[in-house]
Amino acid sequence: MHRWLVVAMALMLASWLGPVSPANAFKGTVTIGYATDPPTMDPNITSDALGFIVWGWAYDTLMKYDLHKKEPTPWLAEKWEKLSPTSIKFWLRKDAKFSDGSPVTSRAVQYTMERIFDPEIKSRQLDYFQTFKSFEIIDDHTFIWHQKTPDNGLFGRLHNWFLIINPKTKGADKADVSRNTYGGGPYILKSWTKGSKMVFEANPTWWGNSRYPNRPQTIVLRPIRESTTRVKALIAGEVDFIQDVEPQFIPEVEKDPDTRIVTVPGMRIFYLAFATRHGGPFADPKVRQAVNYVIDADLMGKTIMGGLTDPFHMLYHPWSFSGYNPDLRWHGYDLEKAKALMKEAGYPNGFKAVWIGPSGRFAGDRQTGEAVSAMLKKIGIDMKVEAYTWPLYRRAVNNAQEGKITEPALVWRSWGNSVGDTTGVWRGTSSCAGVWSVACFPELDKFNEEAGALADPVEQQAAFEKLWGKMKEQAMHKILYKFRETFGLRKTLKFEPRGDETIAVWEMIQMKK
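About the criteria used
Residues numbered from 1 in each chain as written. Predicted model: local features only at pLDDT ≥ 70, side-chain atom pairs only at ≥ 80, totals over all residues. Heavy atoms only, no water. Helix = DSSP H or I, 4+ residues; strand = E, 2+ residues; numbered from the N terminus. Rg over C-alpha atoms; globule rule 2.2 N^0.38 Å. Contact = heavy atoms within 4.5 Å. Lys, Arg positive; Asp, Glu negative; His and termini not counted. Charge placed at Lys NZ, Arg CZ, Asp CG, Glu CD. Core = buried A, V, L, I, M, F, W, Y, C linked by side-chain atoms within 4.5 Å. Buried < 20%, exposed > 50% of the residue type's maximum accessible area, 1.4 Å probe, protein only. Polar contact = N/O pair within 3.5 Å; in protein donor to acceptor, adjacent residues only side chain to side chain. Pairing = 2+ DSSP bridges. Disulfide = S-S within 2.5 Å.

(A) Layout of the overall build of the protein chain. Helices and strands together make up the secondary structure of the protein chain, namely 15 helices and 19 strands. Taking 2.2 N^0.38 as the reference for a compact globule, 513 residues should give roughly 24 Å; the C-alpha atoms of the protein chain span a radius of gyration of 24 Å, in line with that estimate. The C-alpha extent of the protein chain, read off along each of the three principal axes, is 100 × 55 × 45 Å. Taking the contacts inside the protein chain whose residues are at least 6 apart along the sequence as the reference set, 71% of them involve residues at least 24 apart. Counting 66 positive and 58 negative side-chain charges, the protein chain places the averaged centre of each group 3 Å from the other.

(B) Just the nonpolar core, in detail. Residues Trp-57 and Trp-145 are the most contacted members of the largest nonpolar core, which totals 144 residues. At nine residues, the largest contribution of residues to this core is made by strand β12 (residues 259-274). Counting 12 residues, the second-largest nonpolar core is a separate cluster that includes Ile-224, Ala-233, Ile-242 and Val-253.

(C) How the structure looks around helix α2 (residues 49-58). Most of α2 sits inside the fold, with nine of its 10 residues counted as buried. A distance of 3.2 Å separates the backbone nitrogen of Leu-50 from a side-chain oxygen at the start of α2, and that oxygen is part of Asp-48.

(D) Unusual backbone geometry, seen in detail. Despite not being glycine, Lys-70 has its phi angle at roughly 60 degrees, a positive value. For Lys-70, the location among the structural elements is in the loop between β2 (63-66) and β3 (71-74).

(E) Structural view of the pairing of β2. Looking at chain direction, β2 and β3 are connected through four bridges and run antiparallel. When the sheet's bridge partners are listed, Asp-66 is paired in β3 with Glu-71. The antiparallel hairpin formed by β2 and β3 contains four residues in its connecting segment, where Lys-70 sits at a positive phi of about 60 degrees.

(F) Representation of the state of the cysteines within the structure. In the structure shown here, the tally under the stated rule is one disulfide. In this model, Cys-432 is linked to Cys-440 through a disulfide, with the two sulfur atoms separated by 2.0 Å. Judged by the sign of its S-S torsion, about 90 degrees, the cystine formed by Cys-432 and Cys-440 is right-handed.

(G) Inspection of the side chain of Asn-203 at higher detail. Structurally, the position occupied by Asn-203 is in the loop between β9 (197-202) and β10 (218-223). Judged by its relative accessible area of 0%, Asn-203 falls in the buried class. Within the structure, the side chain of Asn-203 is placed 2.9 Å from the backbone oxygen of Gly-185, a separation counted as a polar contact. Residues within four places of Asn-203 in sequence aside, it is in contact with Ser-99, Gly-184, Gly-185, Pro-186, Tyr-187, Ile-188, Asn-209 and Arg-215.

(H) Region of interest: the pairing of strand β1 (residues 29-34). Burial runs high along β1: five of the six residues are buried. As defined by bridge partners, β1 adjoins β10 across six bridges and the pair is classed as parallel. Bridge pairing links Gly-33 to Arg-222 in β10. Note that β1 and strand β11 (residues 241-243) share two bridges and pair parallel. Paired with Ile-32 across the strands is Phe-241, a residue of β11.

(I) Region of interest: the environment of Glu-485. Counting through the fold element by element, Glu-485 comes out in strand β17 (residues 477-490). What Glu-485 contacts, discounting residues up to four positions off in sequence, is Gln-243, Asp-244, Val-262, Thr-263, Val-264, Gly-266, Gly-499 and Glu-501. Here the side chain of Glu-485 touches Gln-243 through a polar contact of 3.2 Å, side chain to side chain.

Right under this line is the structure:
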């Protein structure tokens, strides 16, 4: 009788207090060491590899997309139906809320796109949604997305490049939106000391809490510029997870009993871009071809990158929805051909140039510049290496785009394409308005959009291969190699990282007590 009374009272108390929050199960802190912190926490205004990773912690997307299988899976949108080649009907989850408790609605999705198209914001993501036409809102949780043309890459972009923001940010101070979070994702930004530490706490109202009940309570992002220092912090237990472990440090991490290395196929393709928008020697395709032939990418992959790369011949990844063909080949190494082309172009003695690249952001970035500089000397090009911290590098690329750099410039670049979007490759890397492009070929801009608008996969593949041929003919880039992602983890962290340019922190489980 006494036991029954205790149980009854316990049940009564539970009914008064309501359901126990899944947040009670969140466990511990995971600290991530990265080369820098994101440029902003506004998820709609710029394009940045780390930004898209971190924004996804605090902001949700309509769907996730398995790049290997090329299959979308439900996320904020619980289902969808393709009504026509240019119209898709979406149904939103009814339990999704922003972190302030307000519901995620069709209007919020529409508002997010309005922000990207807002001329006052000047979003660098605008190029990714050129085919968007309009929204047709049915009700709070149902809407139709209309496109101008068919777009086989749309689902991939919705997976990582379209992050839904609370409409209450309308009219808010831009600086406030850039330093705080107004999403409905798994985490909320609690504090940010720029260049030192970001602290995220589990969002108790996230719709996915029951799916990931053992995820970390706290995520800390520590910007650590030098790769050596990041490795030391991992081994010392100061951080639990690092990305892009350079080859020379792998044995050290593997030797330590408390850490491990995970290497997976990656999305990121490294290449060099010629700044050609404002003339100069690199505007001559023969000079670009000469540079292509004098750079031995395979040698750099084996030495500087420690074999953690795969030879590659295009900017289209195998996981892209179209365009990839393993049988196609880019310009290889041929010193004599490079010298002959320089002579034909009228530069038998070369010229002075500048290398623009980052330092410490990606494995071997600065060292690649130094190696390329040495190779270019063989055809008379005297190239000084200017390697910057990431924010200064971004500014230097802007200067190259705007013609503010007077010397011929060769820009170190990489393209991660975390959404498997083929059309977006050209838009981002090569178009006249591309967020990272320092070139301009209007006729190829048009060709890319025409290829992207093809609904038939076979026709589309042929079109993108033809565009690749035009890129090779123009020697628009020097394609170097595809990177294998190498992560360092504490063994107390249960997590299997992927090579898709995301870090799904909600999938992590901290075993450390």
